Amino acid sequence: MHYLIKEIIEAYIEDIDNNEFKDLYNTLNEYITHEQLVPLLTEALLTCGINPLDHLEYVPEYYMYDTDKLKTLSLREGIKSIGVGAFGEISSLNFVRLPASCKHVAAYAFANCYNLKKVIIDCPDTQFNNSAFYGATEITEIFYRGSKDQWYRLVHQVSEFQAPGILIHCSDGDLRL
């Protein structure tokens, strides 16, 4: 997965007629880890109006890890999977929407997103790693496109979804944990 985002970033860099940016990218790539490089370059591309996710089916590991520039996240239809730590440690994040195409959310994908309040899950068959929302303890409301029976099967996958007081809106009625 790492090589996909790297290829996309490199393709955009080739289109940029700025040797200083290319030199910076190459220097960073030599001296810091991929987990540090991807979020930095992703932020830079987003600032320029370029979204690398427009070209991917999978959100790479540590895609926007530990950035505070993201308040809401609505992933586009076509995203199939979210990698380890992809949106972890984003304290400003308060809303997440997972598209119907998203079938898997890896460990720590939204870990320690302390201000996350609302989550929309458009695919009732999405599989969550049990630590996908680790530390996201402020979730108050979940909109789930599946039934209550499907929710009860899903809730055992993610401990943060079992916190008392969360209001779950299912296709056949509401639940309060």
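Residues numbered from 1 in each chain as written. Predicted model: local features only at pLDDT ≥ 70, side-chain atom pairs only at ≥ 80, totals over all residues. Heavy atoms only, no water.

A. The overall build of the protein, seen in detail. For the protein, the count of helices and strands is four helices and ten strands. Ordered by position from N to C terminus, the α and β elements of the protein give α-α-α-β-β-β-β-β-β-β-β-α-β-β. Within the protein, the proportion of its 177 residues that are buried is 45%. Taking as baseline every contact in the protein between residues at least 6 positions apart, the subset at least 24 positions apart corresponds to 40%. (Helix = DSSP H or I, 4+ residues; strand = E, 2+ residues; numbered from the N terminus. Buried < 20%, exposed > 50% of the residue type's maximum accessible area, 1.4 Å probe, protein only. Contact = heavy atoms within 4.5 Å.)

B. Representation of the pairing of strand S10 (residues 173–176) within the structure. As paired elements, strand S9 (residues 167–170) and S10 share four bridges and run antiparallel to each other. Along S10, the bridge assignment pairs cysteine 170 with glycine 173. Counted between consecutive antiparallel strands, the loop separating S9 from S10 contains two residues. (Pairing = 2+ DSSP bridges.)

C. Geometry of the pairing of strand S8 (residues 141–144). With four bridges joining them, strand S6 (residues 118–121) and S8 adopt parallel strand pairing. Bridge assignment links isoleucine 121 to a residue of S8, and that residue is tyrosine 144. One ladder, built from three bridges, connects S8 with S9; its direction is parallel. Among the inter-strand pairings, isoleucine 142 is bridged to a residue of S9, identified as isoleucine 168. With helix H4 (residues 148–155) bridging S8 and the parallel S9, this β-α-β connection has right-handed handedness. (Right-handed = clockwise from strand over helix to strand, strands pointing away.)

D. Spatial organisation of the sheet that holds S8. Spatial ordering of the open sheet is given by S2-S4-S6-S8-S9-S10, a layout of six strands whose pairing is mixed. Lying at the two open borders of the sheet, with one neighbouring strand each, are strand S2 (72–74) and S10. Averaged over all pairs of adjacent strands, the angle between strand axes in this sheet comes to 10 degrees, irrespective of strand direction. On the sheet, H4 packs against S6, S8, S9 and S10 and is oriented at approximately 35 degrees with respect to S10. (Axes fitted to C-alpha atoms, helices over the stretch in contact; angles between N-to-C directions.)

E. Local environment of the nonpolar core. Ranked by internal contacts, the top residues of the largest apolar core, which has 40 residues, are Ile82, Phe87, Phe110, Phe133 and Trp151. With three residues, the top contributor of residues to this core is H4. (Core = buried A, V, L, I, M, F, W, Y, C linked by side-chain atoms within 4.5 Å.)

F. Up close: the pattern of salt bridges. Taken as a whole, this structure holds four salt bridges when the rule is applied. One salt bridge connects lysine 80 with glutamate 57, and the closest N-O pair in it is separated by 3.5 Å. In this pair, lysine 80 sits in the loop between S2 and strand S3 (81–82) while glutamate 57 sits in the loop between helix H3 (34–47) and strand S1 (58–59), placing the two residues 23 residues apart along the sequence. Residue glutamate 57 is classed as partly exposed on the basis of its relative accessible area of 40%. The residue lysine 118 makes a salt bridge to glutamate 141 at a minimum N-O spacing of 3.3 Å. Placement of lysine 118 in strand S6 and of glutamate 141 in strand S8 is noted, with a sequence separation of 23 residues between them. Note on lysine 118: relative accessible area 35%, which makes it partly exposed. Here the salt bridges do not stand alone but share partners, grouping Arg97, Asp122 and Arg145 into one network. (Salt bridge = Lys/Arg side-chain N within 4 Å of Asp/Glu carboxyl O.)

G. Structural view of the sheet that holds S3. As summarised here, the arrangement of the four strands in space is S1-S3-S5-S7, forming an open sheet in which the pairing is parallel. Whereas interior strands pair on both sides, the edge strands pair on one side only; in this sheet they are S1 and strand S7 (127–128). Pairing of S1 with S3 involves two bridges; the strand directions are parallel. Its bridge partner lying in S3, tyrosine 58 is registered against serine 81.

H. Molecular detail of the side chain of serine 147. Mapped onto the elements of the fold, serine 147 is located in the loop between S8 and H4. Ignoring sequence-local partners within four residues, the contact set of serine 147 consists of Cys170, Ser171 and Asp172.

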